[in-house]
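Coordinates in review
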Amino acid sequence: MSGTDYNYDEQGQFFPYFILTITSLVTIPVTYSLLKPSKELESTATRISSDFKPEHADLIEGQRKKQKRRERRLKRFFVSVGGWAIMAWMTYLMFTTAEINEKIWDPYEVLGLSRSASEKEIKKRYRKLSLTEHPDKRHENLAQNITTEVINDHWVNVVKAFKSLTDEEIRNNWLQYGHPDGKQSFSIGIALPKWIVTEGHGKYVLLMYALALGVILPYTVGKWWYGLQRMTREKILVSSAGKLFKEYDNDQGESGVLNALSAGDEFEEVLKGHKAEEGLSKLEQKVLSDASDSPVLTSLTAKDRKKLADLEDSRRRKALTLLWAYLGRIELNDDALNDEKFEVAPIALKLNEAYTAIALAYGNTKAVISAYHTSQNLIQALRPGASPLEQLPHFTPAIAQAAEAERARTHLSVQEFLQISEQQRKSRVLRPGLLTDAQYRQAMAVASQLPVLHVEKAFFKVVGEKFVTPSSLVQFIIKCRFIPPGSTNIPAVQPSDLEDVDPDEGDVAAITGRNDDRSGQKPIQPPLAYAPYFPRDHAPRWHIFLADSKQGKVAVPPTAFTTFDKPILDESGNHTFNVQTLKMQFGSPPQPGNYTFVMHMVCDSYIGMDTKMEVTLKVEDASKAALVEEEDEISEPDEDTLAGQMRVLKDGGVPKKKKQLEDDSSDDGSDTEGDVDSESETDTDTDTDDE
């Protein structure tokens, strides 16, 4: 007899193990993803201390809480709690359910004999049992549940046991297959109670399988796959990326970038349904009307106004107008419109990241700078061309204009304003209708905490080499310090801090710039961006890239810096003025020569703190670098060494210190005569955008 027999878990002995295993495979990873510490910089940085509360602070805080609710991951929380509850229940069942083990059929046990019994004793025992256990000798006893069927089954079992010990064929079946009847059916244990597939429950099981395999699984996989395919690397919709690509223009400034961002489909979630039309006319009257005295009118060119007027999509028109209302800090006298005004800003910032990636793909310097400046405007809630002083608490356009005094064409940066004497600053802004003394002190307290990155030195080098040679891997190294506006008693920079020591030979991680692994440690980063009007926390990022000023193209793509190698603040919260080292790598040009670039260092969070400077990369011919290396390696032993003393005894004179090769090379008129510096020549004259 052979076949397959399915044995169900009648007593529920193995069912908890099965459910516990399946549930743990889902619950444990979900719980880990829910509880693991966030690696986002916004969750680890400090804040600039200030008691300033902007207008509509309740709406801004409401938007922050709304975003946090989206990030709470409630689905994973409920899955995790439900999973652990099921696992606890299954564990309880495992400890409370009695373990039942099926006995192995043993003919000696059936006959009541020991395994050492002889054949004579087996036959004697069989004859004795036949006198008492044979169906003709034994009678029913319903009180003890002994029925005729039980009596017959027992006697059949006794006969099988006797034959398995006396009949050669049956004995071989028992020894080989463990059963006197020979090979039995293949038994498969199923860790499910039998009631699931019996007693009319089969249709429900089929329905469960149909839902799980035909509906839930395809829906889950499809939703996951569609979610991956509909989003770009910058976490925006693919459809929005396509629209931004169509709207891109090398020559458009910040206002043109804003117009392009309004094409994003992400705004549909905020302005869906009737919201696209609701309040649009009132909004346009407040923001764009000449009679409204709106501060954004000076930032809108005739071309920008024409583009806005030509927009037929009401949703896009409202999104763009809301953005201008946000950048102008315009009071809309409508809580719903004011709330939408703050809600569209983070969406625009996310879209601007994708627009920046498109601009970098084209490589146009002006477009890249415009994208970075748009990020500054969105985070600070300031229109293009606004005074950097308006980033400070209580500073309105009128107060900023009074603070700038004689500056007519260009604005004062926060750094420049704090370089003015205290008395002169107060004389400009402490007037009736401008600032009170308390407001002034609050603004200056914030200004003195802003993280302004000042470049001390910038140079090129190749690790382990004295010259930059064609097609070598070049490091562009920036030595800089955080010097807040108005800082005094700034310590001088130590010359050793401006040097870059080569790593040990063979230290690949250090050579490639990946040796600063601070995993498990709190990153060293400046405070979160001071942006009281922006309804999100944002960690400042400094983007550094090299541009070709003649062609107006990006020569070396930007590298973003968010964390640094030395503490910015001490334990008391005071600035350390430590020299920070920033590095970016690229391949040097294939031909020798002097290459002049313009270095741009742009902070995405603050206006008027950009750094722009010329740097020159000198690429030497490879043969010249090899010649200098040979000069360093070929030399006679010095007199005070053992080899030098032996040469003195041999030649009878003092050996020459240098080979003739060195004398020849000193007369070749090379412009690298004298001490060889390990750093390429660099013009470190620094300009800022406001100078």
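The name that an unreviewed UniProt entry assigns to the chain is J domain-containing protein, with the source organism given as Sporormia fimetaria CBS 119925. Its UniProt record gives the chain the following Subcellular location (unreviewed entry) comment, quoted word for word: "Endoplasmic reticulum membrane".

**Observations concerning the overall build of the chain**
Tallying secondary structure elements over the chain gives 24 helices and 10 strands in all. Across the chain, contacts joining residues at least 24 apart in sequence account for 71% of those joining residues at least 6 apart. When the accessible area of the chain is evaluated, it comes to approximately 39600 Å², of which 53% is carbon and sulfur surface.

**Examining the pattern of salt bridges**
With the rule as written, the count across this model stands at 21 salt bridges. Measuring nitrogen to oxygen at the nearest pair gives 3.4 Å for the salt bridge that ties D313 to R315. On the basis of relative accessible area, D313 is assigned to the partly exposed category, the value being 35%. By relative accessible area, R315 is classed as buried at 7%. One salt-bridge network, held together by shared partners, links K461, D500, D502 and K583.

**Focus on a nonpolar patch on the surface**
Together, M208, Y209, L213, L217, V221, W224 and W225 make up an exposed nonpolar region whose accessible area comes to about 800 Å². One can find M208 in helix 8 (residues 202–229).

**Observations regarding the nonpolar core**
Counting 113 residues, the largest nonpolar core has F395, F417, F476 and M599 as the members making the most contacts within it. Element by element, the count of residues in this core is highest for helix 15 (residues 335–362), at 12 residues. The residues contacting M599, other than those within four sequence positions of it, are V455, F476, I478, I544, F545, L546, T611, K612, M613 and V615.

**Considerations on the UniProt feature "transmembrane region" (unreviewed entry) in the chain**
Using the residue numbers shown here, the UniProt feature "transmembrane region" (unreviewed entry) corresponds to residues 14–35, 74–95 and 204–226. From the first C-alpha to the last, residues 74–95 spans 32 Å; its make-up is 100% helix and 0% strand.

**What to know about empty space enclosed by the protein**
The final tally for this structure, using the stated rule, is three cavities of 30 Å³ or more. Taken together, S255, N259, L300, D304, K307, L308, L320 and W324 make up the full set of residues lining the largest cavity. Broken down by secondary-structure element, the contributors of at least two residues to the lining of the largest cavity are helix 10 (254–261), helix 13 (302–310) and helix 14 (314–327). Among the elements that line the lining of the largest cavity, the one with the most residues is helix 13, at three residues.

Reading the values: rules and limits
- Residues numbered from 1 in each chain as written.
- Predicted model: local features only at pLDDT ≥ 70, side-chain atom pairs only at ≥ 80, totals over all residues.
- Heavy atoms only, no water.
- UniProt positions renumbered as here; feature names shortened; annotations may be inferred.
- Helix = DSSP H or I, 4+ residues; strand = E, 2+ residues; numbered from the N terminus.
- Contact = heavy atoms within 4.5 Å.
- Areas by Shrake-Rupley, 256 points an atom, 1.4 Å probe, with all protein chains shown as cover.
- Salt bridge = Lys/Arg side-chain N within 4 Å of Asp/Glu carboxyl O.
- Buried < 20%, exposed > 50% of the residue type's maximum accessible area, 1.4 Å probe, protein only.
- Patch = residues over 30% accessible without salt bridge, like charges linked within 9 Å, V, L, I, M, F, W, Y side chains within 5 Å.
- Core = buried A, V, L, I, M, F, W, Y, C linked by side-chain atoms within 4.5 Å.
- 1 Å grid on protein atoms, 1.4 Å probe; cavity = no way out; pocket = protein on both sides within 12 Å on 5 of 7 lines; lining within 4 Å.
- Points joined across faces, edges and corners; volume = space filled by probe spheres on them.

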